[in-house]
Amino acid sequence: MPRSKLEKTLIGSGAVVGAGVLAWQTMFPWIKYDLQFLKVAKNVHKHQESTFTTFLIDRFEEHVSTQPQKVMLIYEDCVYTYEFVDQQANRVANIMQRAGLKFGDTVAMMIHNEPAFVWTLLGLQKLGVAAALLNFNLRLKHLSHSILATEPAAFIVGAGEDLQSAVGDVMEDLQGLPVYVQGAAVGGVPPGMLNFDALMLQAMPVPPHRNLREGMTSGTTMSFIYTSGTTGLPKPAYISQLKANNIGMVMQFVGLSKDDILYTCLPLYHSSGGGLGLFSLLFSGCSMVLRNKFSASHFWSDCRKYNVTVIQYIGEIFRYILAQPPDELDSKHKVRAAFGNGLRKDIFEAVQKRFKIPNLCEFFGATEGVSALFNIANKPGAIGRISPFLNLIDPNPKVLVKYDMATATPLRDRNGRCIPIKSGETGLFIGKVPDFVISNGTLTVYKSSKEANEKKLVRNAFKDGDLYFNFGDVMYLDSDYFIYFHDRIGDTFRWKGENVSTTEVANVLTTLDFILDANVYGVTVPGHDGRAGMAALSLHEGKEDLTQDRLKRIYCLCEADLPTYARPMFLRLLRQPVLTGTYKQRKVELRDEGYDLSQVEDQLFYLDSQAATYSPLTPDRLHTFLRSKL
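Thresholds applied
Residues numbered from 1 in each chain as written. Predicted model: local features only at pLDDT ≥ 70, side-chain atom pairs only at ≥ 80, totals over all residues. Heavy atoms only, no water. Axes fitted to C-alpha atoms, helices over the stretch in contact; angles between N-to-C directions. Helix = DSSP H or I, 4+ residues; strand = E, 2+ residues; numbered from the N terminus. Parallel < 35°, antiparallel > 145°, perpendicular 65-115°, else oblique. Left-handed = near helix turned anticlockwise from the far one by under 90°. Contact = heavy atoms within 4.5 Å. Nonpolar A, V, L, I, M, F, W, Y, C, P; charged D, E, K, R; others polar. Pairing = 2+ DSSP bridges. Buried < 20%, exposed > 50% of the residue type's maximum accessible area, 1.4 Å probe, protein only. Polar contact = N/O pair within 3.5 Å; in protein donor to acceptor, adjacent residues only side chain to side chain. Core = buried A, V, L, I, M, F, W, Y, C linked by side-chain atoms within 4.5 Å. Phe/Tyr/Trp six-rings, centres within 6.5 Å; stacked < 30°, edge-to-face > 60°. Salt bridge = Lys/Arg side-chain N within 4 Å of Asp/Glu carboxyl O.

## A short note on the packing of helix H4 (residues 56–66) against helix H6 (residues 115–126)
A packed helix pair is summarised by two numbers, namely the angle formed by the two axes and the spacing between the axes.
Okay, step 1: Following both chains from N to C, one finds H4 and H6 inclined at 110°, their axes separated by 10 Å at the closest point. Accordingly, the angle class assigned to the pair H4 and H6 is roughly perpendicular. You can see that H4 and H6 cross each other, and the crossing is left-handed. Touching Ile57, Phe60 and Glu61 of H4 are Leu122, Gln125 and Lys126, all from H6.
Okay, step 2: Of the residues belonging to the contact of H4 with H6, the class tally is three nonpolar, one polar and two charged.

See the structure below:
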C-alpha cells in the first residue's frame, strides 16, 4: 500500500530540528505543538498497515499463542489469563455454531461489565459474527427497539436478575428470537429462554477452524455500538473490523503497550469502555483491571492495589472523583497516563494539581465518526488541534466551518462551498471521510436509517466529489489552533431570538462551590417562541439543600456572568444525577417533564427578579410567572 503524504512527512519530520526549529517557532509560535504531535503520530502510524489484514480477533489469538499465562483480566480480585479467556471464547463459538449461526450473522448481547462480556464477544468474532452491544440499563421500548434494530439471529443475556427481568418484560416483542441466559441457577431459566451456562459446561474449549471466518475483510461488521441516547432512541452505529482496529490503536497516543495495566470502569457496551478500553486491550496485549461499575471512592485505591499505569475517563467521572475528600494518597500511584474525553476546562487544572498524572490526554471523537482530535500537550480544556500545517499534510483534513444553527449543517458560499472559520471564532466540526473507508464499504453510519446516514454527510464541501462527516458539534479555535468544545448543536436552544449554549451556562453554574454538576436544557413556555432555560442541579455531598443564601448566589452569578437571555428561568434540584450509562447528561426526560409540578417530585425554583433570587415554584407562583413578561 503506497505511503500517504502524512506518513512521508512523519518519517521525514526529524529533519526539522535544531536551529531550524527556532526559526520556525519565531514565525509560527504554534509549530512546536505540531512537531510534538508528529513525533507521537509517527509511532501510531507505523501500526496502521497491518490493520487492513489483521483484525482484533487475530491479534487476540496471537497474544494467546505468545503469552498464554499472562494476566488478561483482573475482576473482583480474580485473575483471568489470555489462555483461559480463549478457552471460554472457544466454548461460546462452538455453542453458536451448533445453533446454526454463521459468518455475517449478528447476535445481540446485553451483559454487565464482567469477564463473560469479553469472552462472549470474542467467541462471536471467532465465527465472524457481529455483536450488537446493548446498554444494560435499557428497559421496555428502548430495549426492544435496540434488540431488533440490528436484525439479530440470537440474543445473549448476561448474569443478573435485573437483566433477566428487563428481558422478560419485552419477550412478547422479540418475535420468537432465541434468548440465551447466562448466570441462571440450575433449572432457574425463565420460560421461553435457554440456559447458556448449561451449554457452556457441555461445549468443548477447542478452537473452531479459522476458515469459518475466512471471508472477513476490513469492511466486515465487527460490532454495533449504540449512540448513548441523550436525545432519543439509541441508534446502532456500524463498527467495521477496520474501524475497530483503528479504535484499538488510539491509546498509542499515550504509548499503551503490553507492559501496561489498564483500568476500565466504563461500560463495555459503549465506545469508550468497550472500544477504547477493550479494543485497546486486544490490540496491545496488555492487562486490564475491569470494574463492574464506576466508584469514586474506590477509584484510586483500585489503581494503587493493582499497580495500574493507564486509566480511562469520560464525562463527569473526574468531577465525582474530585468531590471525594482530599487524601494524602491522592498522588501516590503508578498511573502515568489518563486517556479520555469530556473533561471540562473548569476542573482540568484541578485534576492535574491534585492527582499529578504526568500525561493527561483529552481526545474528541464519536462512535459513528471517521476521525478524531487529540490534546497531547496538557492544554487545559482543549480537545485537540487543527493547525494549517497538519491539515496541509493530512490527506483527511479536519475543518471548522460556519454553520446554520437551525439545520445543524454547514453554510455555503456563492460557489456552494463550505466556509472555514478563522481563529477566535466558533465553527461546526467536519472531517474528511478517508478514501479507504469509502472503498472498503465502511461508510454506512447507522443501520436501517438512510435518512440519518445522509444527514451526517457533507458532499462537495470544498471541491466536487469530496465527502466530509458532520459531527454536529460546535468548537472554538484559538490563536494556537487548539480546539475547545463549545456545544452540541442539538443541545443548543433559542430564547429571545438568541442562541443559548447549554455548555456555557453549565460552566458558569459549576463555578459555585456547592454545585457538583448542572444539566442545562430548554423548555417550552406558553405564548413564547423558542425555549426558556432550565438547569437541573446536582450538589456536592454534604450540601444537599438549596438554601436561601445559595439561591441568592446563583441569581447573582447568573446576573453577573450570563446575558439576560441565557439565564435559567427555572431550576430543578436533582435528588440524583440523570445520566446515561457512560455518565453523560441525559436531557430527554428532564426536558419533557420541564417545570410540570404534577410530574416533577424534585424541588423546583423560578427566576424571581423582584426578590432578586430564585424562589420556590408553586402552582400560584407558576401561573403568575408565566403571565409575566419573561
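## A closer look at the sheet that holds strand S29 (residues 603–608)
Okay, step 1: Pairing within the open sheet is mixed, and its five strands lie in the order S26-S27-S28-S29-S30. The open sheet is flanked by strand S26 (515–523) and strand S30 (613–616), the only strands paired with a single partner. Across the sheet, the axes of successive neighbouring strands diverge by a mean angle of 30°, strand direction being ignored.
Okay, step 2: Relative to strand S27 (residues 532–539), S26 runs antiparallel, the two sharing eight bridges. Pairing of isoleucine 515 across the sheet is with leucine 539, part of S27.
Okay, step 3: Lying on the sheet, helix H18 (residues 502–509) is in contact with S26 and S27; it crosses S26 at an angle near 150°.

## What about the side chain of serine 295?
Okay, step 1: By the element assignment, serine 295 lies in the loop between strand S11 (287–290) and helix H12 (299–305).
Okay, step 2: Residue serine 295 is classed as buried on the basis of its relative accessible area of 13%.
Okay, step 3: Side chain to side chain, serine 295 and serine 297 meet in a polar contact 3.3 Å long.

## Regarding the environment of tryptophan 30
Okay, step 1: For tryptophan 30, the position within the fold is in the loop between helix H2 (19–27) and helix H3 (31–45).
Okay, step 2: Judged by relative accessible area, which is 11%, tryptophan 30 ranks as buried.
Okay, step 3: Remark: the alpha-carbon pair of tryptophan 30 and serine 479, spanning 449 residues in sequence, is separated by 8.4 Å.
Okay, step 4: Once you skip the residues sitting within four places of it in the chain, tryptophan 30 turns out to touch Arg385, Ser387, Pro388, Phe389, Ser479, Asp480 and Tyr481.

## What to know about the sheet that holds strand S12 (residues 310–314)
Okay, step 1: Here we have eight strands laid out as an open sheet, ordered S2-S1-S11-S10-S12-S13-S14-S15, and mixed in their pairing. Strands at the two margins of the open sheet, each flanked by one partner only, are strand S2 (78–81) and strand S15 (373–375). Pairs of neighbouring strands in the sheet enclose a mean axial angle of 20°, with direction left out of account.
Okay, step 2: Note: strand S13 (residues 337–341) against strand S14 (residues 359–364), four bridges, orientation parallel. Bridging from a neighbouring strand, glycine 340 pairs with glutamate 362 of S14.
Okay, step 3: Where helix H11 (residues 271–284) meets the sheet, its contacts fall on strand S1 (71–75), strand S10 (261–264), S11, S12, S13 and S14, and the angle it forms with S12 comes to roughly 160°.

## Digging into unusual backbone geometry
Okay, step 1: Positive phi outside glycine occurs at leucine 140, with the angle close to 50°.
Okay, step 2: Tracing the chain through its elements places leucine 140 in helix H7 (residues 140–148).
Okay, step 3: For leucine 140, a relative accessible area of 52% gives the class exposed.
Okay, step 4: The phi angle at tyrosine 481 is positive, at roughly 65°, despite the residue not being glycine.
Okay, step 5: Within the secondary structure, tyrosine 481 is located in the loop between strand S22 (467–477) and strand S23 (482–488).

## Comments concerning the environment of alanine 203
Okay, step 1: Structurally, alanine 203 can be placed in the loop between helix H9 (196–202) and strand S8 (221–226).
Okay, step 2: In this structure alanine 203 comes out as buried when scored by relative accessible area, which is 4%.
Okay, step 3: Along the chain, alanine 203 and asparagine 90 lie 113 residues apart, while their C-alpha atoms are 8.5 Å from each other.
Okay, step 4: Contact partners of alanine 203, with chain neighbours within four places excluded, come to Arg91 and Ile95.

## A look at the nonpolar core
Okay, step 1: Membership of the largest hydrophobic core comes to 92 residues, with the highest contact counts inside it found for Met72, Met96, Phe155 and Phe339.
Okay, step 2: Other than its neighbours up to four places away in sequence, methionine 72 contacts Phe60, Tyr80, Thr81, Tyr82, Val85, Val118, Leu122, Leu281, Leu282, Cys286, Ser287 and Met288.
Okay, step 3: Ranked by size, the runner-up nonpolar core spans 46 residues in total, among them Val500, Ala518, Ala532 and Phe570.

## Here we look at the pairing of strand S9 (residues 236–240)
Okay, step 1: A large share of S9 lies buried, amounting to four of its five residues.
Okay, step 2: Here S8 runs beside S9; their pairing, made up of five bridges, is antiparallel. By the bridge assignment, threonine 221 is partnered in S9 with serine 240.

## Digging into the packing of helix H5 (residues 82–98) against H6
Okay, step 1: Contact geometry for H5 and H6: axes closest at 7 Å, N-to-C directions at 55°. As summarised for this structure, H5 and H6 are arranged oblique, according to the angle between their axes. Along this stretch, H5 crosses H6, giving a crossing that reads as right-handed. Here H5 contributes Phe84, Val85, Asp86, Gln88, Ala89, Asn90, Val92, Ala93 and Met96 to the contact with H6, which in turn contributes Val118, Trp119, Thr120, Leu122, Gly123, Leu124 and Lys126.
Okay, step 2: Looking at the contact of H5 with H6 residue by residue, the classes come out as ten nonpolar, four polar and two charged.

## A closer look at the packing of aromatic side chains
Okay, step 1: The full count for this structure, using the stated rule, is 30 aromatic pairs.
Okay, step 2: Consider the rings of tryptophan 30 and tyrosine 481, whose centres lie 5.1 Å apart with planes at 80°: the pair is edge-to-face. With tryptophan 30 in the loop between H2 and H3 and tyrosine 481 in the loop between S22 and S23, this residue pair connects regions lying 451 residues apart in the sequence.
Okay, step 3: Each ring, one from phenylalanine 364 and one from phenylalanine 429, has its centre 5.6 Å from the other, and the planes form 75°; the classification is edge-to-face. In this pair, phenylalanine 364 is assigned in strand S14 and phenylalanine 429 in strand S20 (residues 426–432), connecting sequence segments 65 residues apart.

## A word on the pattern of salt bridges
Okay, step 1: Under the criterion given, the structure shown has 23 salt bridges.
Okay, step 2: In this structure, the salt-bridge partner of glutamate 61 is arginine 210, at a minimum N-O distance of 2.8 Å. Placement of the pair is glutamate 61 in helix H4 and arginine 210 in the loop between H9 and S8, with a sequence separation of 149 residues.
Okay, step 3: The closest approach of N and O atoms between aspartate 602 and arginine 575, which form a salt bridge, is 3.0 Å. Here aspartate 602 is found in the loop between helix H20 (588–593) and S29, whereas its partner arginine 575 is found in the loop between strand S28 (570–573) and H20, with 27 residues between them in sequence.
Okay, step 4: Given the relative accessible area of 10%, aspartate 602 is considered buried.
Okay, step 5: Overall, arginine 575 belongs to the exposed group, its relative accessible area being 66%.
Okay, step 6: Via salt bridges that share partners, Asp58, Glu61, Asp86, Lys126, Arg210 and Arg213 belong to a single interconnected network.

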